[in-house]
Amino acid sequence: MVNYQVVIYTGNRVFANSINPVYIKLVGTEGESCRTLASFTLISCWKTTLTICCQKSLGQLVLIELDKQNYYIIPKDDWFASKVVVKCSEKEVYTFPIYSWISDGETHAFREGKALKIFDDTSSPGLEARKQEMIRRSDKYNWDQYHDGLPYCIKSKGPFNLPWKALFSLTKLIELGFTAVTGYIQRCIQGLNDNHDNWKNLGAIADVFNPKEKETPVADFVQQHWEEDWLFGYQFLNGTNPNLIQRIKILPANFPVTDDLICFPNKKSNLDQELELGNIYLCDFKNLDGMPGNIINGKPQYLMAPLVLLHKRPDDTLVPIAIQLKQKPGEDNPIFLPTDSHHDWLLAKIFVRSAYFAEHQLIAHLLRTHLLAEVFAVSLLRNLPMVHPLYKLLVPHTRYTMQINVLARGGLIGPKSILSRSAAAGGETLFKIIKGALSETTYRSLCLPDSIADRDMQQAPNFYYWEDGKKLWDYINEFVEGIIQHYYKSDEEVQRDTELQTYIEDIFEFGFLSNTKSGIPQSFTTVPELIKFVTMVIFTCSAQHAAVNSGQYDYGGWMPNAPSTLQQPPPSDKGKATEKTVLQTLPTKDVTGQGMGTTWLLSRRTSDFVPLGHYPEEQFTEDCPRQLQKVFRTSLDELSAKIVSRNTDLKIPYTYLDPKKVENSVAI
Ligand code: FE2
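The model shown is predicted, which means the values in this text are computed figures rather than measured ones.

Visitor: Would you mind going over the overall build of the protein with me for this structure?
Guide: What the protein contains, in helices and strands, is 22 helices and 18 strands. Compactness check: the protein gives a C-alpha radius of gyration of 27 Å against a globular reference of 26 Å for 668 residues, within 12% of the reference. Relative to its 668 residues, the protein shows a buried fraction of 59%. Entry remark: accessible area of the protein is about 27400 Å², with carbon and sulfur atoms responsible for 52%. Across the protein, 69 positive and 76 negative side-chain charges occur, with their mean positions spaced 3 Å apart.

Visitor: Please explain the coordination of the iron ion as it appears in this structure.
Guide: Put simply, the ideal angle at a metal is 109.5 degrees for four donors in tetrahedral geometry and 90 or 180 degrees for six donors in octahedral geometry. Around the iron ion, the protein contributes the donor atoms His 365 (NE2), His 370 (NE2), His 545 (NE2), Asn 549 (OD1) and Ile 668 (O), which lie 2.2 to 2.5 Å from the metal centre. Between consecutive donors of the iron ion, the numbers of intervening residues give the motif H-x4-H-x174-H-x3-N-x118-I. One end of the pair, His 365, is in helix α8 (residues 342-383); the other, Asn 549, is in helix α18 (residues 527-549), with 184 residues separating them in the sequence. The exposure class of Asn 549 is buried, given its relative accessible area of 3%.

Visitor: In this structure, what is going on with the layout of surface pockets? I would like to understand it.
Guide: Vacant regions in the atomic arrangement are exposed by a probe of water-molecule size rolled over the atoms. Approximately 1200 Å³ is the volume attributed to the largest pocket. Around the largest pocket, the lining is made up of 49 residues, and of these Arg 13, Phe 80, Trp 101, Ser 169 and Glu 617 lie nearest the centre. Within the residue set of the lining of the largest pocket, elements represented by two or more residues are β1 (2-10), β7 (79-87), β8 (93-102), α2 (170-189) and α10 (401-413). Among the residues forming the lining of the largest pocket, the class breakdown is 26 nonpolar, 14 polar and 9 charged. Each of two domains, domain 1 (2-112) and domain 2 (115-243 + 360-567 + 576-668), supplies a minimum of three residues to the lining of the largest pocket. In this structure, the second largest pocket encloses a volume near 910 Å³. For the second largest pocket, the lining is made up of 46 residues, of which Leu 412, Ile 418, Thr 598, Leu 601 and Leu 602 are closest to its centre. Contributions of two or more residues to the lining of the second largest pocket are made by α2, α8, α10, α11 (418-422), α19 (552-556) and α21 (589-603). Across the lining of the second largest pocket, the residue classes tally to 26 nonpolar, 19 polar and 1 charged.

Visitor: Could you clarify how one ought to interpret the pairing of strand β6 (residues 61-68) in this entry?
Guide: A regular strand places its side chains on the two faces of the sheet in alternate fashion. In terms of burial, β6 is a largely internal element, 7 of the 8 residues being buried. Here strand β2 (residues 22-28) runs beside β6; their pairing, made up of 7 bridges, is antiparallel. Following the sheet pairing, Val 22 is matched in β6 by Lys 68. Pairing of β6 with strand β9 (residues 107-111) involves 5 bridges; the strand directions are antiparallel. Of the residues in β9, the one forming a bridge with Asp 67 is Thr 107.

Definitions and cut-offs
- Residues numbered from 1 in each chain as written.
- Predicted model: local features only at pLDDT ≥ 70, side-chain atom pairs only at ≥ 80, totals over all residues.
- Heavy atoms only, no water.
- Helix = DSSP H or I, 4+ residues; strand = E, 2+ residues; numbered from the N terminus.
- Rg over C-alpha atoms; globule rule 2.2 N^0.38 Å.
- Buried < 20%, exposed > 50% of the residue type's maximum accessible area, 1.4 Å probe, protein only.
- Areas by Shrake-Rupley, 256 points an atom, 1.4 Å probe, with all protein chains shown as cover.
- Lys, Arg positive; Asp, Glu negative; His and termini not counted.
- Charge placed at Lys NZ, Arg CZ, Asp CG, Glu CD.
- Donors = N, O, S within 2.8 Å, 3.2 Å for Na, K, Ca; no water.
- 1 Å grid on protein atoms, 1.4 Å probe; cavity = no way out; pocket = protein on both sides within 12 Å on 5 of 7 lines; lining within 4 Å.
- Points joined across faces, edges and corners; volume = space filled by probe spheres on them.
- Nonpolar A, V, L, I, M, F, W, Y, C, P; charged D, E, K, R; others polar.
- Domains from an automatic or database assignment.
- Pairing = 2+ DSSP bridges.

What follows is the structure, given as structure tokens:
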């Protein structure tokens, strides 16, 4: 007789318990055990132990089968199992990661923890389980296209119709719901909901904006300094969208700034010299060119596609020196300058900040993190079984992404959604902008070091997004390199992995709509190629999302700094703007309230937040990957300490890429 000591771990989740009988069967290379009753009750965080006796050795254990009978003592009895450990002898211990809800009465197979590529999986029960798992998964996780020209997404009838594994925890659901409801009640009390009036003065906006109560010192600072040129420039580096700015040596042909317009501080320099010295930067919102403004409350809204020229001063601050609000130069499209009247210059900057809102929310945030992260997640779930090393590596970076995106499609971007009611770039324009931006998205622009090099931004001063981001990119890259090189010993192994190849084929086809211009790999041929792509996936889902998501309230809560829409056309000549013009141009009270509430909700971390590098679900059970995870975490902790220390000297602390504040996945 051979005895197998079995320990079943019920997970640490609300309602993880079960009071129905659970059966287990062990399957090895030499045979299988009887289906054995494990327990009638399984309690959250508890271990259930049992011994399974077999006539002879089962050989190497390949998988376990679990089934939970439903006797409906209580109407719904879902059980969350985290793992099962089976001990044959002191030296022979097998761990089976589960981390799944089991709710039906079906039999579910779970593979032993050692990661196996398809050609390593030689046992017949293993191969059969692999095949069945992928049949079930590709049935559950299907591609859908929400709108022509957008990346494909998960097919779902609604945010709560997704498979269990893809749903928010109860904690997250309650906390998000609470923040949304309290925000709504506050706006009702402040009289903002359904109030289409314009603001009478900026002080009235300040009365409903309470960053101190919310303990957001950056938002408070932005409210006080939003009109200052240095903060306007600073936000292109460290605000919510650090991916637009570039250093230039030649002015674009459609932005005819001449030397006589610009007065440099020391008066000894001129534009050509400053361009040559590398002190001139450009932000070009050409993605928004030709996009019609939305209609809100029956009124046309205005969305510009500005060009902004910035100068790096001797004190290393970056300040705007010229703004043209439309792409095509002409008499009705003046070049605004800091020497213009206060309100002319302020209004020009407000039009830029409103374009920044659209570019940030639709392209940098929604498309380049949320929608692409969902493509990476769906392709992973459709193509790679749990036992595959890449599944184990990437599945923590898919947590909650599908549900937050289904919610966003319903409430944020769809018809009658928040953006359709409050953004100049809302409605059909939103889809046009995303479609255009996706067709221009390149693989290089998603890989931070390449993106920074292509924009010649390596030497930009006070560029904390890059300072912290390059370290994060390198640490993620080292970690991924360790894992991939452990499992792929040659390029030939990469080429032979048919599951890996369909994973990237789907990303190319459904994510980038087979656009060869994007440079996205259509297959993997070498180990370094695979390492780079996986680094980009993890960076996009964690760090990049944090960089463009976490500062939404800091920089966008104070509406005049990030107006989601503008009610008046841009000035076609100078000298006419007044304070009244500014107030008539800014959004109405209801739009302001909606923006404050939404940015507050989307900037919040919920208490079940999992920081980058933390893997509470132990997908990997082997020593090497677990050791690599430890080293990764240590590097991230050291980086976090350095960022905290550096931030004490900054006027505005840059915290978005502090690894302790970066979530593993796109989860909000
Ligand atoms: Fe987000």
